[in-house]
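The residues making up each chain are set out below.
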Amino acid sequence: MALSLSPSLLGGVSFALVASLGFAVQAQSTTPPAAQVQPAQAASQPALAEIPALQATAPSADAPDPSLSPECRVPGSKLYTLAKLKAVKKALREHRAVQVLTIGSNSGGLGTAATYPVRLEDALTRSLPDIEVTVESRGVSGEIAFGAAERLRNQVAEIEPDLVVWQVGGNDALARVDIEEFSQSLAETVAWIKSHGIDVVLVDPQYTASLAKDDYYRQFVLAIQKVAEREQVPLVQRYEAMRYLATRAISALKGAPAQSGAGFRLADLGYRCMAEHVTRAITVSLLQPDIAGPAIPPPAH
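One structure accompanies this document, and this report is about it.

Conventions used here
- Residues numbered from 1 in each chain as written.
- Predicted model: local features only at pLDDT ≥ 70, side-chain atom pairs only at ≥ 80, totals over all residues.
- Heavy atoms only, no water.
- Salt bridge = Lys/Arg side-chain N within 4 Å of Asp/Glu carboxyl O.
- Helix = DSSP H or I, 4+ residues; strand = E, 2+ residues; numbered from the N terminus.
- Buried < 20%, exposed > 50% of the residue type's maximum accessible area, 1.4 Å probe, protein only.
- Pairing = 2+ DSSP bridges.
- Right-handed = clockwise from strand over helix to strand, strands pointing away.
- Core = buried A, V, L, I, M, F, W, Y, C linked by side-chain atoms within 4.5 Å.
- Disulfide = S-S within 2.5 Å.

**Remarks on the pattern of salt bridges**
Inspection of every chain in the model, using the stated rule, returns ten salt bridges. Put simply, arginine 176 and aspartate 214 hold a salt bridge, and the shortest N to O gap is 3.0 Å. Of this pair, arginine 176 sits in the loop between α7 (170-174) and α8 (179-195) while aspartate 214 sits in the loop between β5 (199-203) and α9 (215-231), and the two are 38 residues apart along the sequence. Given the relative accessible area of 44%, arginine 176 is considered partly exposed. Here arginine 243 makes a salt bridge to glutamate 240, at a shortest N to O gap of 2.4 Å. With a gap of three residues between them, arginine 243 and glutamate 240 both fall in helix α10 (residues 238-253), about one helical turn apart. Given a relative accessible area of 31%, arginine 243 falls into the partly exposed group. For glutamate 240, a relative accessible area of 8% corresponds to the buried category. The structure contains a network of salt bridges with shared partners spanning Lys90, Glu94, Arg96 and Asp162.

Written out as structure tokens, the structure reads:
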């Protein structure tokens, strides 16, 4: 069956989600102009009748995304960079379940972090209401990128995911792993995942005021951005998003009673919002057209 980006299929991904971003969506003719698709290319490209071409205009870079929960609202420029998700789109075209594998130290375990995979599955299910979404969490506390790469080969064969969501870099930075070795291992693993027809979304490390003073830690955040841009995979900018939320919370607490700030814990807020932020990056990336266009660069820092 042909996939239509309609509210009944993609819910928040389509007109409701697009409207919240200020997107203007127009379905194109089911017969693409010859100037766009040459006969030699037609066999290798999905028919435009399957996925209507989208014309989108990004919202203001400084406008908090209104589709997110009030406590999680972050401007798009501080939340994600976008890229195509071909495997997830393929699953949607075929109207089959979308299998998601989450890895990284904050993808499982005890405490508040343990709720992240559950929240992610719930958020994705709400965004794709007519599609079954299954999130399999294989996070290991304290694991560095090289160790995750070794495990991935077996997990991919076992789970056969459409998408891998990889929260990476924090443990490597704290362990003082060589940045060049980290970048090479991450890039090679992302390329290996993609070579098996699986999409990847990267999530960079969390932010705290103390870690923000660590130049080596910040270099890992930048290294992940470079890998995401080079490998053309979406990136959830968790570091920037959490820094924005922390700054906003501190500003809101100025002049308030002292006890008002006692309940604000950035880590808890980060875990609660991360599922929404990852879902947002996935759903907005699904709006990226299949026809190649200029890459969306990461925001300047």
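Having seen it, we continue.
**With respect to the pairing of β5**
Regular strands place side chains that alternate from one sheet face to the opposite one. For β5, the tally of buried residues reaches five of five residues, placing the bulk of the element in the interior. Alternating positions in β5 separate into two faces, Asp199, Val201 and Val203 on one and Val200 and Leu202 on the other, with burial throughout. Summarising the sheet, strand β4 (residues 163-167) and β5 pair through five bridges and their orientation is parallel. Residue leucine 163 lies in a different strand from β5, and its bridge partner there is aspartate 199. Both β5 and strand β6 (residues 235-236) contribute to a ladder of two bridges, which runs parallel. If you follow valine 203 over to β6, its bridge partner there is valine 236. The handedness of the β5 to β6 crossover, carried by α9, is right-handed.

**Points about the nonpolar core**
Of all hydrophobic cores here, the largest spans 36 residues; its most connected members are Trp166, Val168, Phe182, Leu186 and Leu202. The next biggest cluster of nonpolar side chains, apart from the first, holds 34 residues, and it includes Ala91, Val100, Val203 and Ala241.

**Thoughts on unusual backbone geometry**
Even without being glycine, glutamate 160 reaches a positive phi, approximately 55°. Despite not being glycine, glutamine 232 has its phi angle at roughly 55°, a positive value. If you trace the backbone, glutamine 232 turns up in the loop between α9 and β6.

**Observations regarding the state of the cysteines**
Taken as a whole, this structure holds one disulfide when the rule is applied. In this model cysteine 72 forms its disulfide with cysteine 273; the gap between the sulfur atoms is 2.0 Å. Disulfide cysteine 72-cysteine 273: the torsion about the S-S bond is -80°, which places it as left-handed. Remark: cysteine 273 occurs in helix α11 (residues 266-285) and cysteine 72 occurs in the loop between α3 (39-42) and β1 (80-81); sequence separation between them is 201 residues. Each member of the pair cysteine 72 and cysteine 273 is classed as buried.

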